[in-house]
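# Understanding the architecture of this molecule
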Amino acid sequence: MIKYVSTRGGASGTFTDTILEGLASDGGLLVPEKYEVISEERLSQWQNLPYPELACEIISCFATDLTKDKIREICHEVYTRAIFGDDIVSVKPIKLAPKEELYILGISNGPTLAFKDMAMQFLGKLFDEILNERGIKLNILGATSGDTGGAAEYAMMGRSSVSVFMLSPKDRMSEFQKSQMYSIKEQNIHNIVVPGSFDNCQDLVKAVSNDLGFKDSYSIGSVNSINWGRITAQVVYYFFGYFKVIQKSKKKLMHPVSFSVPSGNFGNILSGFVAKKMGLPIKNLVLATNENNVLDEFFKSGIYRVRNPKETFVTSSPSMDISKASNFERFIHEIFDRDSKYVSTLWAELEKNNSFSIDAQSLANLKRESGIVSGASRHVNRINTIQRVYESNQLVVDPHTADGIYVGQRFVEDNIPMICLETALPTKFEGTVREALGFVPERRDSLKNIEDKDRRVYEMSGSLPDLKNFIIKNAKIN
Ligand SMILES: *Cc1c(COP(=O)(O)O)cnc(C)c1O
């Protein structure tokens with residue numbers, strides 16, 4: 001059975017403990033004690049598996065305290081046409097320049113039109129199974145700037161074992177994002193609108209979580225981007241995308257490919273890095289940021305400097321507007337040979353100075369070993385990329401996907417397919433798409449006029465007692 005350990009050296013538990021716990025008790029993040037390396041023979045057995053079967057194989061490498069039958073049952077219930085459409089995950093070649101082999105990996109076909117559904121739907125079902133088995137209830141508390149909250153709510157709605165309390169900033173989300181979340185009627189979903197920005201929401205969540213007595217009494221949990229269950233479920237589409245592209249481009253198994261990943265909290269690209277550690281032939285992982293270039297700066301200079309709210313820009317790819325990258329610690333831990341003392345030192349320094357740095361030699365080694373290369377885009381680049389992709393391919397992409405395509409193109413190499421992850425669909429960000437193209441693609445029927453639906457939200461004052469009272473009144477009690 002695989003144990004989970006903290007990046008700071010303490011704590012250990014099973015996969016199940018890890019996904020219920022969130023942060024390790026020493027403040028670090030939990031990671032598996034080792035990664036299983038998949039042989040070429042096994043890759044060859046996996047290459048034609050349907051998505052739910054492949055998901056079962058890969059998730060079984062991490063969730064060793066669950067039976068394979070249980071995992072299979074969950075994957076077959078979650079990765080369905082009803083939830084994710086006909087292909088679950090689609091692969092489309094696109095042409096932008098001669099000689100380039102570019103592909104779009106469609107991972108945003110779920111209910112909220114962003115890739116976060118891929119992991120969150122799995123996690124929702126898994127939580128339900130575990131909680132019912134243990135006979136306990138959980139109240140999930142979170143803050144969202146847009147996509148995570150919606151994905152969590154659509155994954156948890158109607159489940160008897162969980163309630164969701166999701167804080168969102170009053171003025172910062174697209175109309176579509178608001179409508180999608182606030183029109184949910186299920187009694188176990190509570191949307192709480194907070195005056196101010198995402199940081200206000202995050203601060204309130206932290207304040208509640210730091211009150212250990214309250215957290216315990218009301219059985220408060222989380223599904224934020226550091227949840228290891230999410231990282232695990234995301235590993236699957238790197239394998240699936242690899243196999244499909246290899247087949248479409250008539251290359252042999254083990255031929256390398258690269259992936260381009262629009263990045264914020266380093267969750268998605270971390271899953272790609274894990275896939276590489278497991279032996280998937282990935283040449284480069286292209287890390288694309290927007291104007292909030294914390295991570296691009298690190299991979300260029302070795303300096304990791306987190307931003308304060310004033311230095312964090314509001315951009316046209318808002319789901320990547322981050323001031324720090326929550327999953328980054330897992331990467332540093334792995335790449336520095338799991339030296340938890342060193343990780344603790346770096347994060348203590350970060351706490352003190354808002355930054356740390358590594359030397360040039362370490363940076364070069366880290367880039368070589370991980371294959372991560374990076375770049376940043378600006379608004380004009382996204383608009384331009386949306387236009388170019390449409391003109392040459394009659395395909396409309398969202399602004400986050402455009403970030404990835406724009407940066408990814410710089411790292412295209414001969415005979416190495418570049419697979420660009422589509423992290424959201426254009427319907428979710430119609431404002432920017434209309435600015436680029438003068439029109440927006442037609443919505444699926446269930447989403448037409450979503451803005452006109454009745455909304456059910458609690459507009460809170462912004463004070464901690466107000467939030468706690470609301471939770472006390474509405475929480476599921478064990
Ligand atoms: C969450 C999100 C991202 C960033 O993903 P990370 O895992 O945080 O790096 C990029 N694009 C979209 C559309 C998202 O919702």
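Look a little higher up for the structure.
Residues numbered from 1 in each chain as written. Predicted model: local features only at pLDDT ≥ 70, side-chain atom pairs only at ≥ 80, totals over all residues. Heavy atoms only, no water.

We now examine the overall build of the chain. Helix and strand counts for the chain stand at 20 helices and 16 strands. Principal axes of the C-alpha set define a box for the chain whose edges measure 60 × 50 × 50 Å. The buried share of the chain, taken over its 478 residues, is 60%. Long-range contacts, defined here as pairs at least 24 residues apart, represent 75% of the contacts in the chain between residues at least 6 apart. Per element, the accessible surface of the chain, about 18,700 Å² overall, is 48% carbon and sulfur. On the chain, the mean spot of the 57 positive side-chain charges and the mean spot of the 58 negative ones are 2 Å from each other. (Helix = DSSP H or I, 4+ residues; strand = E, 2+ residues; numbered from the N terminus. Buried < 20%, exposed > 50% of the residue type's maximum accessible area, 1.4 Å probe, protein only. Contact = heavy atoms within 4.5 Å. Areas by Shrake-Rupley, 256 points an atom, 1.4 Å probe, with all protein chains shown as cover. Lys, Arg positive; Asp, Glu negative; His and termini not counted. Charge placed at Lys NZ, Arg CZ, Asp CG, Glu CD.)

Bringing the pattern of salt bridges into the picture now. Counting across every chain of the model gives 32 salt bridges. Among the salt bridges present, the one from Arg159 reaches Asp128, with a minimum N-O distance of 3.5 Å. On the criterion of sequence distance, the pair formed by Arg159 in the loop between helix H7 (147-156) and strand S7 (162-169) and Asp128 in helix H6 (residues 116-134) is long-range, its members being 31 residues apart. Relative accessible area serves as the criterion here: at 17%, Arg159 is assigned to the buried category. (Salt bridge = Lys/Arg side-chain N within 4 Å of Asp/Glu carboxyl O.)

So, on to the site of the ligand. If you check the shell around the ligand, you find 15 residues, and the closest are Lys116, Asp147, Gly264, Asn265 and Asn268. The separation between an oxygen atom of the ligand and a polar main-chain atom of Asn268 is 2.9 Å. At 3.0 Å from a nitrogen atom of the ligand is found a side-chain nitrogen or oxygen belonging to Thr423. In isolation the ligand offers 390 Å² of accessible surface; the protein chains occlude 96% of this area. (Near = heavy atom within 4 Å. Polar contact = N/O pair within 3.5 Å; in protein donor to acceptor, adjacent residues only side chain to side chain.)

Glancing now at the pairing of strand S6 (residues 138-143). A large share of S6 lies buried, amounting to 6 of its 6 residues. With burial as the criterion, each face of S6 is covered, one bearing Leu138, Ile140 and Gly142 and the other bearing Asn139, Leu141 and Ala143. Sheet topology note: the S6/S7 ladder contains 6 bridges and is parallel. Each residue of the ladder has a partner; that of Gly142, found in S7, is Met166. Regarding topology, H7 serves as the crossover connection from S6 to the parallel S7, and that connection is right-handed. Note that S6 and strand S9 (residues 220-221) share 2 bridges and pair parallel. Opposite Asn139, over in S9, you have Ile220 as the bridge partner. (Pairing = 2+ DSSP bridges. Right-handed = clockwise from strand over helix to strand, strands pointing away.)

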